[in-house]
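Understanding the architecture of this molecule
So you can see what is in the structure, the chains are spelled out below.
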Amino acid sequence: FFHHCTRVPIRAQKFPLPPAGVCFILRYHGFCCLPGDNTPRESSPFINNTDHDRGNYYDGKNMALFEEEIESNPMVSSLLNKLANYTNLTQGVTEHEEYENEDGVTKIAVKMGTFIGVYLPCMQNILGVILFLRLTWIVGTAGIMESFAIVVMCCTCTMLTAISMSAIATNGVVPAGGSYYMISRSLGPEFGGAVGLCFYLGTTFAGSMYILGTIEILLTYIVPNTAVFVAEKKEDETDAMLNNMRVYGTCCLALMALVVFVGVKYVNKLALVFLACVVLSIMAIYAGVIKTVIEPPNYPICLLGNRSLQNHNFEKCMKTEVIKNVTYTTELWKLFCDSPHLNATCDEYFTLNNLTEIQGIPGLLSGVIKDNMWGEYGPSGMLVEKKNQSSVPVQDNSRDIYKPYIFNDISTFFTLLVGIYFPSVTGIMAGSNRSGDLRDAQRSIPIGTILAIATTSFIYMTCVVLFGACIEGVVLRDKFGDSVKKNLVIGTLAWPSPWVIVIGSFFSCCGAGLQSLTGAPRLLQAIARDGIVPFLQVFGHGKANGEPTWALLMTVGICEIGILIASLDAVAPILSMFFLMCYLFVNLACAVQTLLRTPNWRPRFKFYHWTLSFLGMSLCLSLMFISSWYYALVAMSIAGCIYKYIEYRGAEKEWGDGIRGLSLNAARYALIRLEEVPTHTKNWRPQLLVLLKLDSDLGVKHPRLLSFTTQLKAGKGLTIVSSVLEGTYMTLGAEAKSAEQNVKSAMHLERTKGFCHVVVSSNLRDGFSHLIQSAGLGGMKHNAVLMAWPGGWKQAEDSYPWKNFIETVRETTSAHQALLVAKNIDKFPCNQDRLGEGTIDVWWIVHDGGLLMLLPFLLRQHKVWRKCKMRIFTVAQMNDNSIQMKKDLQMFLYHLRLNAVVEVVEMHDSDIAAFTYEKTLVMEQRSQMLKQMQLSRTEREREAQLITKLGTKSHANLSDTATTTPDHHVHMTWTKDKLIAERNRKRGEPNVGVKDLFNMKPNQSNVRRMHTAVKLNEVVVNKSQGAQLVLLNMPGPPKNKGGDENYMEFLEVLMDGLDRVLLVRGGGREVITIYS
């Protein structure tokens, strides 16, 4: 039993309780459940590894070559075994029915085929309320030609969407979630969440539409006398009807929600009944059309002049009737005259025009199709009139509203009819939503969905033609059947009775409403459980059996909004927007995946092409704006807000989506284009490589360097933040990843947008050299290096810090890259600081590309430095004209469009001060002493090791030869005599070295450089000591490496007495221009 526990999925069965201390581990539907743990831990969807399994992976010696990799890479036999045992249950009806099974024994659900599992559900969802309640009115209002165009457009849209959906659905296993799962996994969490919520809103409003349709059928055609609100005046009939829809709709919604809450298995069992109603209704319509050829039904229509009349308040279409040679007025007379007498005062139009009675259903062979070929649009309140019927017009029509005429209840135009009709072609996702219950989903979904759309498209197209060919135009335009004694217009055509259509459409709308209230909460629950929208997480919870209770309450609340609108014609365009947006992104997902040619894109459905998907996407977008441009904008705004919210606050998910692949392709294309052409001066901006130092805990030593990067870049351009660990990658790989995470965290805190890279090198110098040479990719390479000044270089035990610094300066110069060195970086402002008053002082000594003037401009774009003024100082020599220099510099800055205060500082030739001479001498003495100490360090280390070695041996063996193994730098063999001789030699040498140091004279070149540094520092401190930031030209290092330490001293003197200094060294190219 225990051996097979992890290989065969064991269903819930009754086992005796285990003895104390024994733990059973059971496999249940791909989850590991431990006794006492009610939370299942989901394992891998393909390889459900357990610790027990791992011990059985390696058996025998046939695969000994791979035994060390078995833990991470399972054998193919094990993989196939796990795949065979993998089960995918729909998160819906099946699980709930299993939970609520009374006998406690779970029955394995029978998998469905194409016809039962996809074709019939799609048919049931597509054919619905619009067909029964509005299609005849659409045909009468738009005419056969324009109605046919509407049907063709909408059906083409859904067919193209079905082709794209079939490609996505057959590209691997589609779990429960249907269209939301397909879109989110193809386009990413942002698009998936936005479109998923729009699809949820569309499904919820569809529930409102079906409930409103149910109530309209109930109150208009079945039990019209049960209305709560009854209009006392004719002009109040519309308001009374809307209020009745609100009251009865709310009650119906509460009843349906209760049914769904009690258990979805009841809804599932009623689905067959609802489907039978739809099929019988369609058959009754076609049977009625055939019967009109033999014997048209008798539905007389009463016309006054050319105006259609409501005939449910009178029986005879005549003004007077003669009974036994006596003339009597009829019930119709009383509706237009002030008394039943023949001498009564009557309506002028009633007096001037005659009454005519025609057949409302003349039949298929009557030729009425010619009159119904083109549409008749009009404003709200327009009378329904018959074409080509003679009438005598009157001047005053103000009293017509109180007469029993038939009016347009809303303004009609082509685009409105598109929005009202489109919900009748939705429902194509019903098959993909049941993918877990299908025997072969990858075969059934494309065939069943496309056949269902083809069948329903044929039904709609033929109905448009047959309605126009069989029914009189004034009856088609009569939305509520007032001219045929309050009968459902489509029911007058049905055979054997109109009640077949009335009852069938009633139950069809009830079933569709129940299915919407069942599906919408599960869609919201799936979105909430994905965790991409934080504020929806509460809707991921439900009852013990997984029933989404909170999501159902949310759905009922939104559905109530649609019911309060109370008009089927007003709700239909709203859900059209949401469904069209969903279909648009299904097409976009297929087009993106096809164009990117991602390796994982291998649909079994081959009859697709990116052009079809693009055409479907364009058609969806067009239909959105054709139906209602303002609803389209609202829907797109809602989706956009959700997208940005998920992007800003949502959980990060990596689903291998196509948008990421699209970004990669776009980045690759852009990088190739960038590399083809060198950057123009107008497009130059600092692309920074930031060299960071890490402390002993692998944390960032100077986080203000990242703050300064953010302020300098303001989120624009390339930023690569890097550091180096000393060692080998094999031993420090984990530390490198940890350091990289620490740097990323610091970048997030300092709001630095860029890339992070930590490398491991045998020494720091080589690591920084490799970064300077190879960081970046293609055209996106850094052109400037930012680093901190090595503040403690004098106190360092070795010379590595300042030597690394100088080598970095030399390498950036060789690579033609700019260099920025920040001194006292820890005193720089953070991103939260706001520098109120102060200046950014630029000391322009030499021109090396104009970077000195560009940097303050970039800094002042950030909020930290925005209020600082910019000052530019330049130095004039004895032969320079200071006044002319200032004018020229001001004109130059004017052409550069830079606002700055200009000042020319004169530096006269003066004698070298004794202080400068002494400072240079001390510098050289210190340098010479350090060199001697460095040279003698190796010998002193060897001597110390030898003394330690000899001290461990006895005095009797001192005369013997002692062999030592020195450190890895020197390999020598020492004897006692050599040791004594070396010790005597070393004792005499220091005296000579000290005497040489005191007799030194400083190098004249160093004296001149020190003089320049001291004098320039005096001027800078005098002018800029109170500045918020000082930018200085950075002199280059000496060509002779022997003077490296002196170079560091010169820079130290140059920056002495200044708090915040940025040394700038250009990259050898112009970075700022006066031209546009």
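Preceding this paragraph is the structure being described.
About the cut-offs
Just so you know, the residues in each chain are numbered from 1, in the order the chain's sequence is written. Where local features are concerned, this predicted model is filtered to residues with pLDDT of at least 70; where side-chain atom pairs are given and counted, the filter is 80 or more; whole-chain, interface and lining totals use all residues. The side-chain numbers reported here are obtained from all heavy atoms of the structure, hydrogens and water having been left aside. Secondary structure is summarised from DSSP: a helix means a run of H or I of at least four residues, a strand means a run of E of at least two, and numbering begins at the N terminus for each. Exposure classes here rest on a 1.4 Å probe applied to the protein chains alone. A residue is buried below 20% of its type maximum, exposed above 50%, and partly exposed in between. Note on contacts: a residue pair is in contact if any heavy atoms of the two residues lie within 4.5 Å. Patch definition: residues with relative accessible area over 30% and no salt bridge; like charges joined within 9 Å; nonpolar side chains (Val, Leu, Ile, Met, Phe, Trp, Tyr) joined within 5 Å. All accessible-area figures derive from a Shrake-Rupley calculation using a 1.4 Å probe, and residue coverage is judged against the displayed protein chains alone. A side-chain nitrogen of Lys or Arg and a carboxyl oxygen of Asp or Glu constitute a salt bridge if their distance falls within 4 Å. For the purpose of charge, His is not counted, nor are the chain termini; Lys and Arg are scored as positive and Asp and Glu as negative. Note that the charge is assigned to NZ on lysines, CZ on arginines, CG on aspartates and CD on glutamates. Pairs of strands are assigned from DSSP output, requiring at least two bridges between the strands. Remark: nonpolar core denotes a set of buried residues (Ala, Val, Leu, Ile, Met, Phe, Trp, Tyr, Cys) joined through side-chain atoms within 4.5 Å. For Phe, Tyr and Trp, where Trp contributes only its six-membered ring, two rings pair if their centres lie within 6.5 Å, and the inter-plane angle classes them as stacked under 30 degrees, edge-to-face over 60, or tilted in between. Note on geometry: a ring has a charge over it if NZ (lysine) or CZ (arginine) is within 6 Å of the ring centre and within 35 degrees of the ring normal. We define a polar contact as two N or O atoms separated by no more than 3.5 Å, with the added condition that, inside protein, one atom must be a possible hydrogen donor and the other a possible acceptor, whereas residues neighbouring each other in sequence contribute only through side-chain atom pairs.

**Things to note about the overall build of the protein chain**
Secondary structure assignment for the protein chain yields 33 helices and 18 strands. Here the protein chain holds 1076 residues, and 49% of them are scored as buried. Across the protein chain, every contact between residues at least 6 apart in sequence was considered, and the portion connecting residues at least 24 apart equals 79%.

**A short note on a positive patch on the surface**
There is a patch of like positive charges on the surface, built from Arg-751, Arg-834, Lys-863 and Arg-866. The topology assignment puts Lys-863 in the loop between helix H28 (851-859) and strand S15 (869-876). Assessed through its relative accessible area of 46%, Lys-863 is described here as partly exposed.

**Comments concerning the environment of Glu-807**
Looking at the secondary structure, you find Glu-807 in helix H27 (residues 800-814). Between the C-alpha atoms of Glu-807 and Pro-1037, which are 230 residues apart in sequence, the distance is 9.0 Å. Excluding anything up to four places from it in sequence, Glu-807 contacts Arg-765 and Lys-1041.

**Some details on the pairing of strand S6 (residues 320-323)**
Relative to strand S7 (residues 326-329), S6 is paired through four bridges, and the arrangement is antiparallel. In the strand pairing of S7, Ile-323 is matched with Val-326. Joining the antiparallel neighbours S6 and S7 is a turn of two residues, in which Lys-324 adopts a positive phi near 55 degrees.

**Looking at a nonpolar patch on the surface**
Taken together, the side chains of Leu-621, Phe-625, Trp-629, Tyr-630, Leu-633 and Met-636 make up a nonpolar region of the molecular surface, amounting to roughly 590 Å² of accessible area. If you list the elements that add at least two residues to the nonpolar patch, you get helix H21 (610-627) and helix H22 (629-649). For the nonpolar patch, the leading source of residues is H22, giving four residues. Locating Phe-625 in the fold gives a position in helix H21. A relative accessible area of 35% places Phe-625 in the partly exposed class.

**What to know about helix H13 (residues 414-421)**
Counting buried positions over the eight residues of H13 gives six, a clear majority of the element. Contact partners of the buried residues in H13: helix H5 (129-133), helix H6 (135-169), helix H15 (441-470), helix H20 (568-596) and H21.

**What to know about the nonpolar core**
Formed by 163 residues in total, the largest nonpolar core has its most connected members in Tyr-421 and Phe-467. Those residues within four positions of Tyr-421 in sequence are excluded, and the remaining contacts are Ile-130, Leu-135, Ile-138, Ile-150, Val-151, Cys-154, Cys-155 and Tyr-460. In this structure, Leu-705, Val-721, Met-870 and Leu-889 belong to the second largest nonpolar core, which totals 57 residues.

**Describing the packing of aromatic side chains**
This structure, assessed with the given rule, holds 23 aromatic pairs. Considering the side-chain rings of Phe-191 and Phe-585, the 5.3 Å spacing of their centres and the 45 degrees angle between planes classify their relative orientation as tilted. Of this pair, Phe-191 sits in helix H8 (residues 189-222) while Phe-585 sits in helix H20, placing them 394 residues apart in sequence. Assessed through its relative accessible area of 13%, Phe-585 is described here as buried. Seen from their ring centres, Trp-789 and Phe-805 are 5.2 Å apart, and the 80 degrees between their planes marks the pair as edge-to-face. With a gap of 16 residues between them, Trp-789 in the loop between strand S12 (784-788) and H27 and Phe-805 in helix H27 connect regions that are remote in the sequence. Joined through ring pairs, the aromatic side chains of Trp-333, Phe-336, Tyr-349, Phe-350, Tyr-405 and Phe-407 make up one cluster. Sitting over the face of the ring of Phe-350, Lys-319 holds its NZ or CZ atom 4.7 Å from the ring centroid. The ring of Trp-137 carries the charged tip of Lys-479 above its face, separated from the ring centre by 4.1 Å.

**A word on the side chain of Asn-311**
When you line up the elements, Asn-311 lands in the loop between strand S5 (307-308) and S6. A relative accessible area of 5% places Asn-311 in the buried class. A polar atom in the side chain of Asn-311 sits 2.8 Å from the backbone nitrogen of Lys-485. Here Asn-311 is in contact with Pro-300, Asp-482, Ser-483, Val-484 and Lys-485, once residues within four sequence places are set aside.

**What about the side chain of His-782?**
Locating His-782 in the fold gives a position in the loop between helix H26 (764-774) and S12. From its side chain, His-782 meets the backbone oxygen of Ile-772 in a polar contact 3.2 Å long.

**Some points on the sheet that holds strand S4 (residues 300-304)**
Overall, antiparallel pairing links the three strands, which are arranged S5-S4-S8 in an open sheet. Here the strands that pair on one side only, and so sit at the sheet edges, are S5 and strand S8 (355-359). Bridge count between S4 and S5: two bridges; the pairing is antiparallel. When the bridges of S5 are listed, Leu-304 appears paired with Arg-307.

**Some points on the environment of Ile-672**
Note that Ile-672 resides in helix H23 (residues 658-676). According to the relative accessible area criterion, Ile-672 is partly exposed, its value standing at 41%. Separated by 108 residues in sequence, Ile-672 and Met-780 have C-alpha atoms that sit 9.6 Å apart.

Taken by themselves, the reported measurements are silent on function.
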